[in-house]
Amino acid sequence: KFGTDGLRGASESGIRIGLWVSAIEVLVHPGTRVSFDDVNQALGKLSWQDRLLRRRSYSISWKGSKIRATFIQRFYKRLYDARNAFLHGNPVTAKTIFFDKPCAAGSLEINAILIYAALLNVALEQVLPRPRTPRGPSQSESFGARFDKWDSKALIERGLLAVAKNRVRGSR
């Protein structure tokens with residue numbers, strides 16, 4: 001059982017994963033139609049302190065091509081693929097819900113908030129910019145540069161590292 005919502009099974013995990021993907025897409029919606037590419041590009045613009053999160057050491061498949069990706073891009077691709085598996089009625093296993101196998105860091109649906117929080121803070125900065133101070137962000141700063149300025153970035157980075165390190169340790 002997850003939280004207090006009473007939803008217990010794999011189908012309910014699929015519902016949550018689908019909702020997270022939709023919520024993430026809303027944050028990067030370009031005004032017309034949002035796609036995996038839009039979200040992937042937004043995630044690729046985020047910068048991180050830790051080298052494990054900065055490196056493009058992952059490979060994701062998209063439209064028949066292999067793309068070099070950061071951990072958060074790989075994480076989102078797994079979330080996106082899990083959503084598609086659930087919604088299209090494909091077989092769902094523990095590997096669908098977790099990175100490679102059940103792990104201490106939790107499932108995709110539990111950790112999806114890390115992706116959402118990173119993009120939400122950037123989106124809020126664009127809509128409600130902080131007042132300009134000598135060291136604060138200006139209206140013209142890029143998506144990725146603005147991400148560096150907000151306070152909760154360190155918490156999200158620690159969360160992503162916990163998931164990434166568990167995955168790396170568990171898969172090698």
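See above for the structure.
Right, let's walk through the structure included here.

1. What to know about the overall build of the chain
Then, number 1: Secondary structure assignment for the chain yields eight helices and two strands.
Then, number 2: A separation threshold of at least 6 residues defines the contact pool for the chain, and within that pool the share at least 24 residues apart is 60%.
Then, number 3: Surface exposure of the chain reaches about 9500 Å², of which carbon and sulfur atoms provide 53%.

2. What about the pairing of strand S1 (residues 58–62)?
Residues in a regular strand project their side chains so that they alternate between the two faces of the sheet.
Then, number 1: Here S1 shows a clear split, with Tyr58, Ile60 and Trp62 buried on one side and none of Ser59 and Ser61 buried on the other.
Then, number 2: Hairpin connection, S1 to strand S2 (residues 65–69): the antiparallel pair is bridged by two residues, and Lys63 has positive phi, about 50 degrees.

3. Side note on the pattern of salt bridges
Then, number 1: For the coordinates displayed, the defined rule picks out three salt bridges.
Then, number 2: Between Arg16 and Glu109 there is a salt bridge, with its nearest N and O atoms 3.0 Å apart. With Arg16 in helix H1 (residues 10–27) and Glu109 in helix H6 (residues 108–127), this residue pair connects regions lying 93 residues apart in the sequence.
Then, number 3: On the basis of relative accessible area, Arg16 is assigned to the buried category, the value being 13%.
Then, number 4: Put simply, Lys77 and Asp81 hold a salt bridge, and the shortest N to O gap is 2.8 Å. You can see Lys77 and its partner Asp81 sitting in helix H4 (residues 71–87), four residues apart, about one turn around the helix.

4. Points about the packing of H4 against H6
Then, number 1: The N-to-C vectors of H4 and H6 enclose an angle of 125 degrees; their axes lie 10 Å apart at closest approach. Considered as vectors, H4 and H6 are oriented oblique to each other. For the element pair H4 and H6, the recorded crossing hand is left-handed. Mapping the contact onto sequence places Ile72, Phe75, Tyr76, Arg78, Leu79 and Ala82 in H4 and Leu108, Asn111, Ala112, Ile115 and Ala118 in H6.
Then, number 2: Classifying every residue of the contact of H4 with H6 by side-chain character gives nine nonpolar, one polar and one charged.

5. A few points about the side chain of Glu109
Then, number 1: With relative accessibility at 4%, the residue Glu109 sits in the buried group.
Then, number 2: Side-chain polar atoms of Glu109 contact the side chain of Ser13, separated by 2.7 Å.
Then, number 3: Among the polar contacts made by the side chain of Glu109, one reaches the side chain of Arg16 at a distance of 3.0 Å.

6. A word on the packing of aromatic side chains
Aromatic rings considered in pairs are described by the distance between their centres and by the relative angle of their planes.
Then, number 1: Under the defined criterion, the tally for this structure stands at eight aromatic pairs.
Then, number 2: Taken together, the ring pairs in this structure connect Phe36, Trp62, Tyr76 and Tyr80 into an aromatic cluster.

7. Let's talk about the side chain of Gln73
Then, number 1: The residue Gln73 is located in helix H4 in this model.
Then, number 2: With relative accessibility at 3%, the residue Gln73 sits in the buried group.
Then, number 3: Among the polar contacts listed, one links the side chain of Gln73 to the side chain of Arg56, at a separation of 2.9 Å.
Then, number 4: If we skip the residues at most four places from it in the chain, Gln73 touches Asn40, Leu43, Gly44, Arg56 and Arg68.

Basis of the calculations
- Residues numbered from 1 in each chain as written.
- Predicted model: local features only at pLDDT ≥ 70, side-chain atom pairs only at ≥ 80, totals over all residues.
- Heavy atoms only, no water.
- Helix = DSSP H or I, 4+ residues; strand = E, 2+ residues; numbered from the N terminus.
- Contact = heavy atoms within 4.5 Å.
- Areas by Shrake-Rupley, 256 points an atom, 1.4 Å probe, with all protein chains shown as cover.
- Buried < 20%, exposed > 50% of the residue type's maximum accessible area, 1.4 Å probe, protein only.
- Pairing = 2+ DSSP bridges.
- Salt bridge = Lys/Arg side-chain N within 4 Å of Asp/Glu carboxyl O.
- Axes fitted to C-alpha atoms, helices over the stretch in contact; angles between N-to-C directions.
- Parallel < 35°, antiparallel > 145°, perpendicular 65-115°, else oblique.
- Left-handed = near helix turned anticlockwise from the far one by under 90°.
- Nonpolar A, V, L, I, M, F, W, Y, C, P; charged D, E, K, R; others polar.
- Polar contact = N/O pair within 3.5 Å; in protein donor to acceptor, adjacent residues only side chain to side chain.
- Phe/Tyr/Trp six-rings, centres within 6.5 Å; stacked < 30°, edge-to-face > 60°.

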